[in-house]
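The primary structure of each chain is shown beneath.
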Amino acid sequence: MTDRISLTPSRHLKKRYRAEKRFKAYCVGALVLAMAFLVLFFTDMIRQGYSAFYETQIRAEVTYNEDTLEFTMDSVSEEVFPLVSRAFFRSIPRQVENNPELMGTTQTQWLTAKADVDQYRKGHSESLDPEMKAPLEQLQADGDVGYGFNKGLFFSGDSKIPSNAGLWSAFVGTFYLMLVVLAISFPIGVATAIYLEEFAPDNRFTQAVEININNLAAVPSILFGLLGLAIFINFFGVPRSSALAGGLTLSLMTLPVIIISTRAALKAVPDNIRQGAQAVGASRWQTVRDHVLPLALPGILTGTIIGIAQAIGETAPLLLIGMIAYIPDAPGSLTDAATVLPAQIFTWAGMPERSYVSLTAAGILVLLSLLIVLNATAVILRNRFERRW
Amino acid sequence: MRTRDLTGDTAEMVRTPTTERPPVRQATKMQVNDLAVWYGETQALHGVSMDVLENEVTALIGPSGCGKSTFLRCLNRMNDLIQGVRIEGEVTFDGDNIYAPHVDVVELRAHIGMVFQKPNPFPKSIYENIAYAPKILGQVRKRTDMDELVEHSLKRAGLWDEVKDRLEMPGLSLSGGQQQRLCIARAIAVSPSVLLMDEPCSALDPVATATVEQLIDELKDNYTIVIVTHNLQQAARVAGYTAFFHLGDIVEFSDTDSLFTHPREKKTEDYITGRYG
Amino acid sequence: MEKVGLEKHTSKQFDADLEDVRELVLSMGGLVEQQIADAVRALVDGDGGLGEDVVRGDTEVNRMEIEIDEECTRILARRAPQAGDLRLVIAIAKTITDLERIGDEAEKIGRMATHLASYERPKSAFRQIETLGRHVREMVRDVLDAFARLDSESAVHVARNDEEVDREYEGIVRQCITYMMEDPRTIRHMLDVLWAVKALERIGDHSTNIGEYVVYFVEGKDVRHIGLEAMEKEIAKSMRPRGDASASD
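- An unreviewed UniProt entry annotates chain C as Phosphate-specific transport system accessory protein PhoU of Salinisphaera orenii MK-B5.
- Per UniProt, chain C carries the Function (unreviewed entry) text "Plays a role in the regulation of phosphate uptake."
- Word for word, the UniProt comment on chain C under Subunit (unreviewed entry) is "Homodimer."

- Per an unreviewed UniProt entry, chain A goes by Phosphate transport system permease protein PstA and derives from Salinisphaera orenii MK-B5.
- Among the UniProt annotations of chain A, the heading Sequence similarities (unreviewed entry) holds the following wording: "Belongs to the binding-protein-dependent transport system permease family. CysTW subfamily."

**Quick word on the overall build of chain C**
Here comes step 1: The number of helices and strands found in chain C is seven helices and zero strands.
Here comes step 2: Against the 2.2 N^0.38 benchmark of 18 Å for 249 residues, chain C shows a C-alpha radius of gyration of 20 Å, consistent with a compact globule.
Here comes step 3: The C-alpha extent of chain C, read off along each of the three principal axes, is 65 × 35 × 25 Å.
Here comes step 4: Taking as baseline every contact in chain C between residues at least 6 positions apart, the subset at least 24 positions apart corresponds to 82%.
Here comes step 5: Just so you have it, chain C exposes about 11100 Å², and 51% of that area is on carbon and sulfur atoms.

**Quick word on the domain arrangement of chain A**
All names here are of chain A.
Here comes step 1: When the domains of chain A are assigned, the result is domain 1 (51-90 + 106-149) and domain 2 (168-385).
Here comes step 2: Between domain 1 and domain 2, the C-alpha centre-to-centre distance is 44 Å.
Here comes step 3: Listed by partner, the interface residues are six residues for domain 1 and seven residues for domain 2.
Here comes step 4: Where domain 1 abuts domain 2, roughly 510 Å² becomes buried across the two surfaces, and 66% of that area is made up of carbon and sulfur atoms.

**Considering the packing of aromatic side chains**
Aromatic rings considered in pairs are described by the distance between their centres and by the relative angle of their planes.
All names here are of chain A.
Here comes step 1: Overall, the coordinates contain 16 aromatic pairs over all chains when judged by the stated rule.
Here comes step 2: When the centroid spacing of 6.1 Å and the interplanar angle of 45 degrees are considered together, the rings of Tyr50 and Tyr54 count as tilted.
Here comes step 3: A residue is classified by how much of its surface remains accessible, and Tyr54, at 24% relative accessible area, is partly exposed.
Here comes step 4: Both rings, one in Trp348 and one in Tyr356, keep their centres 6.5 Å apart while their planes meet at 40 degrees; by these two values the pair is tilted.

**Re the arrangement of the chains**
Here comes step 1: Here the protein chains form two pairs of chains in contact, of which the pair with the most contacts is chains A and B.
Here comes step 2: With no contact between them, chain A and chain C keep their nearest C-alpha atoms 27 Å apart.

**Details of the sheet that holds strand S5 (residues 96-97) of chain B**
Note on sheets: strands pair through backbone hydrogen bonds, and any given pair is parallel or antiparallel.
All names here are of chain B.
Here comes step 1: Judged by pairing direction, the sheet is antiparallel, and its four strands sit side by side in the order S2-S1-S4-S5 without closing on themselves. Edge positions in the sheet fall to strand S2 (42-53) and S5, since each of these pairs with one other strand and no more.
Here comes step 2: Across two bridges, strand S4 (residues 85-93) lies against S5 in antiparallel orientation. The residue bridging Phe93 from the neighbouring strand is Asp96, located in S5.
Here comes step 3: Lying over the sheet, helix H2 (residues 68-75) contacts strand S1 (28-39), S2 and S4, oriented at roughly 120 degrees with respect to S1.

**Here we look at the pattern of salt bridges**
Here comes step 1: Enumeration over the complete set of coordinates arrives at 44 salt bridges over all chains.
Here comes step 2: A salt bridge links Asp290 of chain A to Arg289 of chain A; the shortest N-O distance between them is 2.9 Å.
Here comes step 3: Using a relative accessible area of 39% as the deciding quantity, one classes Arg289 of chain A as partly exposed.
Here comes step 4: For the salt bridge of Arg41 of chain C with Asp45 of chain C, the shortest nitrogen-to-oxygen distance reads 2.8 Å.

**What about unusual backbone geometry?**
With the exception of glycine, the majority of residues adopt a negative phi angle, and the majority of peptide bonds are in the trans configuration.
Here comes step 1: One non-glycine residue, Ser241 of chain A, adopts positive backbone phi at about 60 degrees.
Here comes step 2: For Ser241 of chain A, the position within the fold is in the loop between helix H9 (221-235) and helix H10 (243-268).
Here comes step 3: Non-glycine residue Ala83 of chain C carries a positive phi angle of around 50 degrees.
Here comes step 4: Within the fold, Ala83 of chain C resides in helix H3 (residues 83-115).
Here comes step 5: Residue classification places Ala83 of chain C among the partly exposed positions, given a relative accessible area of 46%.

**Some details on the UniProt feature "transmembrane region" (unreviewed entry) in chain A**
Here comes step 1: Taking the UniProt record as the reference, the feature "transmembrane region" (unreviewed entry) is found at residues 23-43, 175-196, 216-237, 243-266, 292-313 and 356-381 of chain A.
Here comes step 2: Span residues 292-313 of chain A is 95% helix and 0% strand, its end C-alpha atoms 31 Å apart.

**Structural notes on the UniProt feature "domain: PhoU" (unreviewed entry) in chain C**
Here comes step 1: Under the UniProt annotation, the feature "domain: PhoU" (unreviewed entry) is placed at residues 26-111 and 129-214 of chain C.
Here comes step 2: In the segment residues 129-214 of chain C, helix accounts for 93% and strand for 0%; the C-alpha atoms at its two ends are 28 Å apart.

**A short note on the packing of H9 of chain A against H10 of chain A**
All names here are of chain A.
Here comes step 1: Viewed as axis vectors pointing N to C, H9 and H10 meet at an angle of 130 degrees, and their least axial separation amounts to 9 Å. Accordingly, the angle class assigned to the pair H9 and H10 is oblique. You can see that H9 and H10 cross each other, and the crossing is right-handed. Residues Ser221, Phe224, Gly225, Leu227, Gly228, Phe232 and Ile233 of H9 pack against Ala245, Leu248, Thr249, Leu252 and Met253 of H10.

**A few points about the side chain of Ser125 of chain B**
All names here are of chain B.
Here comes step 1: Here Ser125 is to be found in the loop between strand S6 (112-115) and helix H4 (126-136).
Here comes step 2: Separated by 3.0 Å, the side chain of Ser125 and the backbone nitrogen of Glu128 make a polar contact.
Here comes step 3: Ignoring sequence-local partners within four residues, the contact set of Ser125 consists of Leu167, Glu168, Met169, Pro170 and Gly171.

**Here we look at the interface of chain B and chain A**
Here comes step 1: Taken together, the 22 residues of chain B in the interface contact 22 residues of chain A.
Here comes step 2: Together, the buried faces of chain B and chain A total about 1900 Å²; carbon and sulfur atoms form 58% of this surface.
Here comes step 3: Counting across the interface, chain B meets chain A through zero salt bridges.
Here comes step 4: Where chain B touches chain A, the interface holds five residue pairs in polar contact (both at pLDDT 80 or more).

**Describing a positive patch on the surface**
Here comes step 1: Residues Arg11, Lys14, Lys15, Arg18, Lys21, Arg22 and Lys24 of chain A make up a contiguous surface patch of positive charge.
Here comes step 2: Looking at where Lys21 of chain A falls in the secondary structure, it is placed in helix H1 (residues 11-49).

**Let's talk about the side chain of Asp158 of chain A**
Residue and element names in this part refer to chain A.
Here comes step 1: Within the element layout of this structure, Asp158 appears in the loop between helix H6 (151-155) and helix H7 (168-199).
Here comes step 2: In this structure, Asp158 is buried with no salt-bridge partner, the nearest side chain bearing the opposite charge being Lys160 at 5.8 Å.
Here comes step 3: A polar contact of 3.1 Å, which involves the side chain of Asp158, links it to the side chain of Gln344.
Here comes step 4: A polar contact of 2.8 Å, which involves the side chain of Asp158, links it to the side chain of Trp348.
Here comes step 5: Look past the residues within four positions of Asp158 in its chain and what remains in contact with it is Ala165, Gly166, Ser169, Tyr326, Ile327, Pro328, Gln344, Thr347 and Trp348.

**Regarding the sheet that holds strand S3 (residues 57-61) of chain B**
Residue and element names in this part refer to chain B.
Here comes step 1: The six strands lie next to each other as S6-S7-S8-S3-S9-S10, forming an open sheet whose pairing is mixed. Here the strands that pair on one side only, and so sit at the sheet edges, are S6 and strand S10 (249-255). Strand-to-strand twist of the sheet, defined as the mean angle between neighbouring strand axes without regard to direction, takes the value 15 degrees.
Here comes step 2: Pairing geometry for S6 and strand S7 (residues 194-198), over four bridges, is parallel.

**Some details on a negative patch on the surface**
Residues and elements named next belong to chain A.
Here comes step 1: On the surface, a cluster of negative charge is made up of Glu66, Asp67, Glu70, Asp74, Glu78 and Glu79.
Here comes step 2: Its place among the elements puts Glu70 in helix H2 (residues 66-70).
Here comes step 3: A relative accessible area of 62% places Glu70 in the exposed class.

Quick notes on the rules
- Residues numbered from 1 in each chain as written.
- Chains lettered and ligands numbered in written order.
- Predicted model: local features only at pLDDT ≥ 70, side-chain atom pairs only at ≥ 80, totals over all residues.
- Heavy atoms only, no water.
- UniProt positions renumbered as here; feature names shortened; annotations may be inferred.
- Helix = DSSP H or I, 4+ residues; strand = E, 2+ residues; numbered from the N terminus.
- Rg over C-alpha atoms; globule rule 2.2 N^0.38 Å.
- Contact = heavy atoms within 4.5 Å.
- Areas by Shrake-Rupley, 256 points an atom, 1.4 Å probe, with all protein chains shown as cover.
- Domains from an automatic or database assignment.
- Buried area = accessible area lost by both parts, 1.4 Å probe.
- Phe/Tyr/Trp six-rings, centres within 6.5 Å; stacked < 30°, edge-to-face > 60°.
- Buried < 20%, exposed > 50% of the residue type's maximum accessible area, 1.4 Å probe, protein only.
- Pairing = 2+ DSSP bridges.
- Axes fitted to C-alpha atoms, helices over the stretch in contact; angles between N-to-C directions.
- Salt bridge = Lys/Arg side-chain N within 4 Å of Asp/Glu carboxyl O.
- Parallel < 35°, antiparallel > 145°, perpendicular 65-115°, else oblique.
- Left-handed = near helix turned anticlockwise from the far one by under 90°.
- Polar contact = N/O pair within 3.5 Å; in protein donor to acceptor, adjacent residues only side chain to side chain.
- Patch = residues over 30% accessible without salt bridge, like charges linked within 9 Å, V, L, I, M, F, W, Y side chains within 5 Å.
- Lys, Arg positive; Asp, Glu negative; His and termini not counted.
- Charge placed at Lys NZ, Arg CZ, Asp CG, Glu CD.

Next comes the structure, spelled out in structure tokens:
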């Protein structure tokens with residue numbers, strides 16, 4: 001008699017199924033844990049930062065005339081004056097300069113409140129100076145106090161007045177930095193990668209170069225700061241704190257990333273494309289230019305964007321070249337002192353006033369959004385141009 | 001009438017007077033003398049010699065690693081691209097040694113086209129695929145001439161009717177067989193006189209294979225074709241002459257009819273009858 | 001053309017090869033048919049010269065057999081035909097064997113005709129031979145037609161005709177026996193006549209065989225050795241459900 005084949009699972013098979021289930025559970029657990037951390041981080045940031053996107057505003061009549069131009073505190077009524085941010089009074093001469101018709105008129109405007117008032121209203125601080133509390137309650141009763149979008153967060157530079165502090169100068173600094181990094185590391189990185197991948201013979205020297213490039217990508221970023229300080233600032237005399245100095249330093253950091261990703265993208269182009277081109281009589285350079293590069297471009301761009309995103313988020317090397325500083329005005333050129341978003345966040349995080357806590361969180365949210373946009377662009381580029389060979 | 005009898009075999013001529021025809025001996029297009037190839041330390045070809053006849057399909061068959069692809073790639077110096085390769089011997093093309101120092105490889109490849117195992121159209125439009133090589137080689141400059149050349153090449157490759165309304169579509173949007181015919185059209189656009197084909201049908205389904213084979217049959221009137229194939233039947237179907245490679249040597253080279261009906265060598269017989277190894 | 005196996009292949013060369021070999025078979029058939037006609041005429045008319053021509057003509061038939069054979073081998077080796085194509089090549093390879101035999105039989109008749117050229121012949125017996133010869137030739141022609149038109153029905157019809165031929169053969173044999181009994185001096189000649197008549201009868205059998213190959217090629221059915229009725233039933237079976245024979249590949 002031959003044994004009948006049984007199709008019900010044996011004990012051994014059941015054990016294997018159990019092991020499989022366990023393994024799956026571990027993986028799901030790890031995923032859930034990672035997600036939980038992420039969610040925790042984001043909710044915390046949003047909880048802390050959301051209030052920085054709006055501000056307390058006070059409706060008041062503002063008088064523009066010769067006197068108030070000189071003694072700006074007289075432009076509003078005495079009750080309102082203690083509640084309004086000092087930054088507003090400083091800006092009166094500029095307002096008139098921009099719009100001379102204001103002279104001799106009285107405008108009803110929503111004015112940014114002092115940080116103390118703002119924090120009190122948002123419930124971040126328990127007490128308020130009685131000098132301010134009384135008129136505030138009066139104005140609230142009249143309906144002259146409200147919330148408005150905090151334009152200053154995006155459109156003004158750093159300030160020691162918390163209600164006036166914004167990210168503008170950091171934005172501009174970041175933009176300049178990106179330009180410098182892109183202009184330097186993209187062409188150099190891509191050219192290096194093309195040479196190594198398409199032209200260089202495979203010998204000891206190129207192998208050594210390759211290993212060093214890979215190692216460079218793993219060097220702690222603070223060392224690049226030291227390098228930048230030593231070479232660009234001390235040796236070449238690039239102005240300290242400038243976007244140029246920062247960009248050059250970060251280029252050093254981005255280069256290996258771009259080289260490695262470009263090489264990977266070039267490697268991914270199938271050899272038969274090269275052979276096909278060469279078989280119809282294309283030279284090596286024509287082959288690379290007309291066939292290999294177009295195919296590798298999405299990969300190269302993705303790597304570049306990721307490299308730049310990394311550079312944008314970098315703080316440590318900038319510490320050493322003086323980009324972490326109080327820079328209230330947006331830089332006008334590459335050589336002006338500049339700061340960048342993460343440096344601004346770092347600066348704010350060290351400020352004692354209560355309002356800077358939410359500003360810091362808001363800055364982080366803005367920086368994260370920017371990075372997400374950049375990475376999403378990279379992903380979209382990759383998906384859009386990815387070809388099946 | 002019957003297919004032409006290329007052997008000039010006198011015995012057969014006596015037996016078949018009705019199909020009488022003077023034994024056709026074509027001119028030799030390429031001549032390989034004592035070709036030896038090393039990849040680093042390993043020798044891939046052991047001094048082989050062979051004549052490639054003009055306007056004829058010559059098939060190279062043999063087990064994997066027998067050197068047939070290496071041999072093919074020596075005919076248009078594609079092996080030059082491989083690192084650590086060493087080539088000795090002589091390959092003549094219309095009497096000139098293509099390994100002579102004055103020969104320019106880029107120029108050579110414009111005369112000896114190649115079609116690869118996997119269809120590899122450029123990731124560009126169908127039109128661009130054909131126009132690319134004539135453009136970079138400076139053969140065609142005017143747009144109207146180029147249009148004509150593209151149409152001519154596609155017609156010759158038997159693809160024109162299928163793609164004439166979508167020349168701007170990417171070449172990769174075509175089916176496998178169409179892609180391979182596009183690659184053939186691309187190769188003949190620069191008017192080479194020799195076409196090398198490295199297993200051109202191995203990635204294609206039987207229907208596409210039949211179409212490509214039919215195309216090869218039509219092309220042989222104007223081109224000299226050398227084809228490497230793993231498919232013995234394909235060699236039998238398309239080739240006038242067949243060479244059997246084994247371990248870097250040519251074991252037997254003769255007209256396809258004789259090779260497939262009464263091979264001279266035992267090794268050949270074993271291979272084509274499936275008794276190999 | 002209609003019916004099986006002649007739809008175009010992707011490979012035009014393959015089409016040409018198959019067409020060539022089919023044409024060769026038909027011209028070999030034509031030659032054989034002519035040989036039979038000449039042989040019978042030589043026998044009936046006592047034309048010794050024509051008989052010798054027939055004997056010589058057989059070398060051409062043999063040569064064609066070899067040529068077609070080689071062509072079939074070549075097609076098998078180079079094209080590895082399948083299904084209908086395969087059956088066609090196999091059917092051809094067998095058909096030419098039978099055609100060659102028919103040629104041999106005609107040669108035999110031709111040789112007998114030469115022997116009997118000087119013999120004073122009884123008219124009636126030879127008239128019957130002429131009729132038998134005509135019938136046999138018609139069988140050969142019909143079966144070649146069936147081959148050309150891929151018509152399995154007329155191929156079966158040929159088999160039916162063979163029964164008639166066999167009856168006629170029996171009649172002639174009986175008549176010859178009568179002559180021999182009447183006049184023993186005729187025995188030597190009558191034996192020659194019998195050989196010739198037997199050869200004609202064999203030609204009928206070979207034609208029937210070819211008819212069976214046609215059925216095999218067209219229908220894909222082996223109808224040998226099953227008897228006429230069974231054969232006709234088979235054909236009818238395959239004709240009815242399909243209606244269109246082109247689907248029978």
